[in-house]
Amino acid sequence: MTGLEKEAHLEALRFSTRRHFLKSCGAGFGAMALGALSSLEATARAGTSALAGASTTGPLPHFAPSAKRVIFLHMAGAPSQLELFDYKPELQRLHLQRCPESLLEGKRFAFIKGVPKMLGPQAAFSQHGESGAWVSDRMPFLAGEVDKITFLKAMHTDEFNHAPAQLLMHTGSPRFGRPSMGSWATYGLGSENESLPGFVVLLSGGVQPDAGASVYGSGFLPTVYQGVQCRSAGDPVLYLSNPGGMSSDVRKRSIEAINEVNRQQYEYVGDPEVLTRIAQYEMAYRMQASVPELMEIDSEPDYIHEMYGTEPGVTSFANNCLLARRLVERGVRFVQLFHWGWDSHGAGASEALNIGFKERCEETDRATAALLRDLDQRGLLDETLVVWGGEFGRTPMLENRTGDDNPYVGRDHHSDCFTMWIAGGGIKRGYTHGETDEIGYTRVGGSVHVHDLQATILHALGFDHERLTYSFQGRDFRLTDVSGHVVKEILA
Amino acid sequence: MVLGLSALLLSACSTRESVDFNADVRPILNDKCVSCHGGVRRRADLSLLFREDALRPAESGKPAIVPGNPDASELIRRVIDHDPEDRMPKEDDPLTEEEIGHLRQWIRDGAEWAPHWAYVAPTMPSVPRPAADGRSVIDSFVRARLEESGLTPSPEAECGVLVRRVTLDLIGLPPQPESVRAVCESESTYEEYVDELLASPRFGERWAAMWLDLARYADTQGYEKDGPRSIWRYRDYVIQAFNDDLPFDQFTIEQLAGDLLPDATVEQRLATAFHRNTMTNTEGGTDDEEHRVAAVIDRVNTTFEVWQGMSASCAQCHGHPFDPLRHEEYFQLFAFFNNTEDWDQDGDGPVEREFALQDRAEAERILAALDGVASRMDSLAETPELLAAHQTWETQLDDPAVVGAVRNTWQNELLRIVKIDESDRSDAQQAYSRKMFVETRPEFEAFRQERRELGQARAGLEQTTTPVLQALPDGRRRRTHVFERGNFLLPAAEVEPDTPAFLPPIQRDDTSRALNRLDLAEWLVSDENPLTARVMVNRFWEQLFGLGLVETLEDFGTEGAAPVHPELLDWLAISFREELNWSIKSLLKTVVLSSTYRQSSRVTPELLDADPRNTLLARGPRFRLSAEQIRDQALSVSGLLSETMFGPSVMPPQPDGIWQNPYSNMRWETAEGDERHRRALYTYWRRTAPYPSMITFDSPSREFCVSRRVRTNTPLQALVTLNDPVYVEAAEALAGRMQEAAATTREQIAAGYELAMGYPPVPAKLDAFVSLFEDVGGGGHADALVVVANAIMNTDEFLSKE
C-alpha cells in the first residue's frame, strides 16, 4: 500500500505542476469547459498523449487509492441472480404457484401482465470456498474463485428497461448526455500509458450495448475522455492501419514532414494548439505499433489460453478478458467489457433460462474466473478493481408471453434487487454484503443502489464522489448525481 | 489624530455608497447560500432565489432579511455568529468582511433583487467613437474595450488567409485558387466575394449543420433498436430556409408551430419536424406514456436551450437551483407541448405524406375511402343498440381486460370522463369516450379491417413520410399536471400553458382561450423577449470566432458566463431584430465585413499571455475545422465532392461492424458512385452508432440538443485523416490533379498545396514536401505524390481555419 500511496503523491505532484503551468498561462477553469485547456495543457508536456485523459487536468485524487485501475464486466441484458448467486429454496417450494397479488401492487414490469406464476431456481446450488458462498452449477469455474470476491446481493436500480438502466449504471443518469464512469476515471486520473488510450471498450456477443456508444461516451466532458473501442476484427482501433502498400517507414517519414511543416506554422502563427497537433501525430504513430502488439494474444503461452479458453482471431468474451488483463498490465485506467445476450425472458431459445442463458454462462464462466486468477497471480488484483453484473435483476415470477406450452423458461426485468460482485483493489475477499427475502423479490438488508456502487468504485480510485465534479450548464455535475454512499462494509 | 483616522476609515467602509446586486450580492448568494436555501433544497423553509420568499418568516419564525435593517436580519446574525453550529455557511469558510459588508449595505438599501442582466430587455447602446481604421460599429465597441485593456488590434490577415477563412465560415468549403486570386489581385472586392458566398447554395448546407445539432436531427429513433426514421425532409427544409434567408422569426414560428398557422403550407408543417426529432423508444416492454412524457420534456428543454439560452431541465424535478424558474412554471411550459398526437409509437406517427406525382390520384381516392369508413363507423355508433352498448361498456371499465384494450396513454382521461354524468359531459368528452369505445369493440372490427387495408394500400404508394407535430383536437386535449420530483407517475396540481414570471408575459387580447404553441413561438420572437435575439447572435458569433460573446451559449442564466462585450452583444441583438429584420445573411455579412473579423490570427507570446483565449478580440479567430468541414474540405480540394443537394441520407463507406444494435436488422448499404462523395450533412446519422469519423472530430450523437461542440485534439483524429479510406481516396485524387497541373515535381507539389489552401506555399514548406517526395521514392514511385498529397491534407494549417 505504501507503494501506491507514494505513487498517488507523485501523481498529485504531476497534476499540481500542470496546474501551475495553467495558472501562469492565465487560463482559468472556465477554459476547461471549452476543452481549450486540454490542448494548452498538452502543450506544456508536448510529446505526450492527449488521448483519454493523459493530457488534461482532472481534480487531484482526494486520498490514497486502493485501486489504480478498473475492469468492468457488464453482462448486458441483465443475467438472472436467481440462477447464479441468490439461492432461494423457498422459491423452489412455490414453483408454478400463482404469485400473491400483494407482491404485484404498485410494481411496474416490462412484460408481465396479469397474475404470473412463481418460478423456482432453474439451476442447482451449492456452497463454495472458505467463505461458503452459494454459486449455482452454471458457473463452476467462478465457484472456485469465490474467496477473492465480495458479492453484493441487494443491488437495486431505478430503471426497468435496458437502455435507460445501462445508462444509469454507467453514467449515473437514465437520460443521455452524462459522462460514463470510465470517462470520469480518466478525467480524474489521466492515463499511465502514453501509447494507449486510457479508457478502452471491448464488445462481445455480436451486439453493442442497448444504449449504444453513450454508455461509454464522455457526455459533456471533452471527447478525449470517451471510451475507445478496440475491435478483434478489422483494425483494432479504427483507421489504425496505414493504407494498403504504405510501409511503416514511409508513414514515419510522412509524419516527420507533416510535423516539420507544423513547426514552421507554429513559428509563424504562434498558436500553441499547433504544438498539440504535433504531439498527437507522434502519438498516433506510436499507437500504430503499440495497439497491434497489445492485440496479439497468440503471443501468450499455452497455459494462459488453456486457462481462459481463448482462441486467437475470433471475437469472444474470453479473448476480451485476456485483452483486459493485457490492458491493465500496460497501465490502461479503465477497461469496459460488454457481453450481450442475458435478457432471459423465455420468449425464444436464445433468451431462455434453460438454453440461451446456459450458453452465456458457458461462454463467460471460464474466462471470468481465469481473469481473477491471472490478475491475482501477477499481483495485479490488489490494485485492480474487477466489477461484474447486469443493469438490473430478474423477477422470481415466470414470464410467459407465449402460453402454457412454451418450452422456454424466462423471467422479467426486476429493478428492486439483483446480485453483482466486485473483487480486488481494496475490496474484501470472500465476503457477501446484502440480503434479499426468501423468494429474492425484495431487499431485506445491505441495500446498494447503483449510485452507491459508483461512489464505492470512485472511492477505491481515491475520489470522494461528491467532489469529483465538472461544471456544466451552471451546475457541478458528478457521476452519482445527487446521491450515493460509499459501501464501507465491503472495504478491506 | 489616530482616532480620527480610524473613524474615517471605519465610516468609509461601512457607509459605502451602495452595492450592485448582480455584481456584489448575487455571487455570494449563488456560491454560499442557494445550494441549501434555493430552488432544490429549502432548508429551514428558506429560499433566497425570490425576494418574497426571503422576506417571509422562515421555520424559526424570524425572517432572514428585514429590508433596511441589517441588524434585525437573521441572515446577518447567522453569517457573523461565532458558534460554528449556528454560523453560516455551515461547514464552510466564513464569509469575508467584505462580503458581509456587501450584504449589510444591500439590506440597508432595501434588499432589492435586481433582475439578472439577460432577463432585462436590451436597449440600444450608444456607440463609442469610430475607431481610426475600423470599418464597422462592431470595431468601435471592440476597440474601445481593447483600449481599456491596453491592447492594440492586429493588422488585417493576409489576403489568401482571409479569403479562405471567410469561405470556410460562410459556405463550409475551402475557396478555389481562382477565387483567392480574384480577390487578392483586386479583380473583385472582398464585399462582392462575400455576397457571392452568401448567394451560394452551399451556404444553406453549411449553416444547416449548425442548426441540426440544436434540432438533434438524426435518421434514427434512438434507444436500443434505434430503428430508422424518415425525417430528412426536415433537414432539407433547414437548408432551404438558410438559402432563402428566411427571417429568423419566421423560421422560429414555422418550426415550433407551423401546423397551427392559418393555411399552413406543406413546408410549414414539415418544419414542425424540429420537435419530432425527439427519441422514440421501441425497446420491448417500455411504457409508451413514460417515453411520450420524456419526449415532451425534451421539447421544453430544447426550446429553452435553443431560443432562451437556458437549461430549464433542472426545474423538471424541483425549482431551478439558481435561476428564477419555479417547478410549477416548468410544467406550464410543458403544457404548451403536451397536446400533440404523437405518443412514442414505433411508426413515429403522425406523419406528413407527400405522394409521388403518379400516385397522387390514387392517394386521393384512398383518402376519400378512409373518410367514408369513418362516417360509416359514426353512423353505426349512433344506432340505439350500440348507444346502449357504449353505456354498458363504460360501466365495465374497472375490468383490466376492458380498459386494457384502450391505448394506455388515453386510459386516464377516459376513466376520468366516465366518472362524469353523461348529461354533464361536454360534447368533446362524450366524443372522446365514444372514440375509445369504437376503437376497441368487436362490432367495429370489419371497419377497422377495411381501414387497415386502405392504410396498407396507401403505404404501398410511392411517397415520403415525415413525422410532424399535429395538435390534438379540442375534445382530446390532455390535462397537464406538475409531476412531483419530475416523476410522471406522481401527478400533482393541474396547470395551464404559460410563460415563467421572470420573463415578460405573452401579450394577447383574448384571455378566454388557452395559450398554444403558436403563442409561445410568437412570444419568443417578440420585441419584449429579452433573450432570443441575444442568444441567436451569440450563436452565429461563436461559429465565426470560436467563442461566444457569452461563452456559455447554452446558459445565459445567473451561472452562465458574463459577456465580455455586453454592449456589442446588445447592439448586434437589436440590429438583428430590427434593422436587419431577422436576416441571418445580413447579420453574418455585417460581422465578416468588420475589421475585427478580418484581423490576422497570428499571436505574439505577449498577446497570448495577456489574452490566451482571445476573449478581447485583439486578433482574428484560429481553430480546428468542424467534423463536417474536415470531410467536405478533403472531398472538395480533391475534386471528388458531389454537388447534389437534398434527398434521403446516404451511406458513404465506413468500416464493418459499426452497426451492432440489438434486435435490429438494419444494414449499412454502402453508397455507389457520386453518392459516396456527398457533403457530410447528408451522411446517414444513427444515434447509437454514429459515423465514426464524425464522432472522432467531436460531433455529438444527436440524442439531445447540443449548443456547443467541445473541440479536442487527439491522435484518433490523426488516424482518420491519415488512414480513413475516404481521406486516402481524396489524397489519390488530389495527387491526380497535381500531376495534371504541372510538369515538374516542385510545381506539382506547389499546385497541390495551392489547390488545398487556396494560396501558394512559402518556399520552406514547399521544400519540406519536396524532400518528403524524394525520400519516399520520388519520381520512380507512383505513390510518392499521393504520400505528399496526404501530408498536405494533414497539416495543422489545412485542418484549421486561420
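Treat the numbers as computed from the prediction; the structure is a model and nothing was measured. (Residues numbered from 1 in each chain as written. Chains lettered and ligands numbered in written order. Predicted model: local features only at pLDDT ≥ 70, side-chain atom pairs only at ≥ 80, totals over all residues.)

### Concerning the interface of chain A and chain B
Contacts between chain A and chain B engage 70 residues on the former and 73 residues on the latter. When residues of the side of chain A that touches chain B are traced back to their parent elements, those giving at least two are α2 (30-34), α3 (36-44), α6 (162-171), α8 (248-269) and α9 (273-295) of chain A. Element by element, the count of residues in the side of chain A that touches chain B is highest for α8(A), at 12 residues. Looking at the side of chain A that touches chain B, its residues break down into 33 nonpolar, 28 polar and nine charged. (Contact = placed C-beta atoms within 7 Å. Helix = DSSP H or I, 4+ residues; strand = E, 2+ residues; numbered from the N terminus. Nonpolar A, V, L, I, M, F, W, Y, C, P; charged D, E, K, R; others polar.)

### Notes on the domain arrangement of chain B
Segmentation of chain B into domains returns domain 1 (16-114), domain 2 (357-461) and domain 3 (723-801). Relative placement of domain 2 of chain B and domain 3 of chain B: their C-alpha centres are 68 Å apart. (Domains from an automatic or database assignment.)

### Some details on the pairing of strand β4 (residues 149-156) of chain A
Residue and element names in this part refer to chain A. With eight of eight residues buried, β4 is to be regarded as a mostly interior element. Relative to strand β11 (residues 418-423), β4 runs antiparallel, the two being bridged by five bridges. Paired with T150 across the strands is I422, a residue of β11. Pairing of β4 with strand β12 (residues 431-433) involves three bridges; the strand directions are parallel. Across the sheet, L152 pairs through a bridge with H433, a residue of β12. Pairing geometry for β4 and strand β15 (residues 448-449), over two bridges, is parallel. Residue pairing across strands places M155 opposite V448, the latter belonging to β15. (Buried ≥ 20, exposed ≤ 12 C-beta atoms within 10 Å, placed from the backbone. Pairing = 2+ DSSP bridges.)

### Re the nonpolar core
Counting 290 residues, the largest nonpolar core has A:A324, A:V387, B:F769, B:V788, B:A789 and B:M793 as its most contacted members. The residues touching A:V387, leaving out its near neighbours within four places in the chain, are A:V70, A:F72, A:L73, A:M420, A:I422 and A:I457. The next biggest cluster of nonpolar side chains, apart from the first, holds 21 residues, and it includes B:V79, B:M88, B:A111 and B:F322. (Core = buried A, V, L, I, M, F, W, Y, C linked by C-beta atoms within 7 Å.)

### Description of helix α20 (residues 427-440) of chain B
With 14 residues, α20(B) extends 20 Å from end C-alpha to end C-alpha; this agrees with the ideal 20 Å at 1.5 Å per step. Buried residues of α20(B): B:Y432, B:S433, B:R434, B:M436 and B:F437, and no others. (Expected span 1.5 Å × (residues − 1).)

### Considerations on the environment of B:R479
Residues and elements named next belong to chain B. One can find R479 in the loop between β2 (463-467) and β3 (480-483). Look at R479 and you get partly exposed, because 14 C-beta atoms sit within 10 Å. Separated by 74 residues in sequence, R479 and L553 place their C-alpha atoms 33 Å apart.

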